[in-house]
Amino acid sequence: MLQIDSVTLRFGEREILSGCYLSCKAGEIVGLLGRNGCGKSSLLKIIFGTLNAQFKHLRIDDKIIKKAFAGKNIAYLPQHKFLPSFLKVGKILDDCGPSVVSQETMDRLKPIAGSRMNDLSGGERRFLECLWILSRPATYLLLDEPFSEIAPYQIETLQDIIREKGKEKGIILTDHLYRPLMEVSDRIVLMHNNAVYNIRNESDLVLYNYISELSF
Ligand SMILES: Nc1ncnc2c1ncn2[C@@H]1O[C@H](COP(=O)(O)OP(=O)(O)OP(=O)(O)O)[C@@H](O)[C@H]1O
């Protein structure tokens, strides 16, 4: 089980996170929602170890973790591009392997297999980066906005892989495309006013003003 608690994060005078707690078990998919700027990406970066909080207490199976990025327990999909621009699509697909690249996906991506990452559209590139992270052997995956630039039919492909991987791995994902996120999550939490609330359904999202009633 991954547990992070007592997270305190300030930028100058601004307090972003205060006493924040989040947990995720292997075999569980946790969806993290919250308004722009509430600190979702910061929390994922703090878990991965690439952002220093003023205070945090991170454990995996009761072992304290300081710099997750240096180990193999956690893989992280950041919001920004991270795979080298010179890499060819075919090479990435080979690296990912059949657990995330089905024959259907392979056929669909065949026309761009010889292209370099640099020459792809934003959504094509993002889709490949999502596949790559989902193929990592880490026990825990942190996914920051995996669906945001992706076309609906590709979102369904990612959802299928996330569900499959989530049978054994612990996955924490955040996205403003809350419906696709809710569809794959075993548990949903909302960051709001520096606290974390358990969400049961879309009505709860209205209650905390994350969506308006008109969104139903
Ligand atoms: N390096 C930084 N210096 C100063 N402020 C920062 C820094 N990084 C993030 N912030 C601020 O911290 C707040 C939380 O940012 P974060 O990216 O974690 O939000 P988020 O919940 O992921 O938002 P979004 O949904 O828009 O992606 C924002 O108001 C942001 O401006």
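Our structure is the block above this text.
Residues numbered from 1 in each chain as written. Predicted model: local features only at pLDDT ≥ 70, side-chain atom pairs only at ≥ 80, totals over all residues. Heavy atoms only, no water.

Hey, could you run me through the site of the ligand in this one?
Around the ligand there are 14 residues in total, and N36, G37, K40, S42 and H176 lie nearest to it. In this structure, an oxygen atom belonging to the ligand sits 3.0 Å away from a side-chain N or O atom of R14. The separation between an oxygen atom of the ligand and a polar side-chain atom of S41 is 2.9 Å. At the level of elements, β2 (14–24) and α1 (40–48) are the ones that each hand at least two residues to the shell around the ligand. With three residues, the top contributor of residues to the shell around the ligand is α1. When grouped by side-chain class, the residues that make up the shell around the ligand number three nonpolar, seven polar and four charged. (Near = heavy atom within 4 Å. Polar contact = N/O pair within 3.5 Å; in protein donor to acceptor, adjacent residues only side chain to side chain. Helix = DSSP H or I, 4+ residues; strand = E, 2+ residues; numbered from the N terminus. Nonpolar A, V, L, I, M, F, W, Y, C, P; charged D, E, K, R; others polar.)

Is there a simple way to explain the side chain of S42 in this structure?
Along the chain, the position of S42 falls in helix α1. Residues in contact with S42, not counting those within four places in the same chain, are L9, F11 and L51. (Contact = heavy atoms within 4.5 Å.)

Please explain α1 as it appears in this structure.
Count 3.6 residues to each turn of an α-helix, and residues three or four apart come out pointing the same way. For α1, the buried fraction is high: eight of the nine residues fall into the buried class. Listed as buried for α1 are K40, S41, S42, L43, L44, I46, I47 and F48. Backbone geometry just downstream of α1 places G49 in the positive-phi region, at approximately 95 degrees. (Buried < 20%, exposed > 50% of the residue type's maximum accessible area, 1.4 Å probe, protein only.)

When you look at the sheet that holds strand β6 (residues 74–77) in this model, what are you seeing that I'm missing?
The pairing of strands in a sheet happens through backbone hydrogen bonds and is either parallel or antiparallel. Pairing is mixed across the open sheet formed by six strands, whose spatial order is β6-β7-β8-β3-β9-β10. Lying at the two open borders of the sheet, with one neighbouring strand each, are β6 and β10 (195–199). Neighbour to neighbour, the strand axes of the sheet diverge by 20 degrees on average, direction disregarded. For strand β3 (residues 29–34) and strand β8 (residues 170–174), the ladder comprises four bridges, and the chain directions are parallel. Counted as the bridge partner of G31 is L173 from β8. Sheet strands in contact with helix α5 (residues 152–165) are β3, β7 (140–144) and β8, and its direction is about 145 degrees off that of β8. (Pairing = 2+ DSSP bridges. Axes fitted to C-alpha atoms, helices over the stretch in contact; angles between N-to-C directions.)

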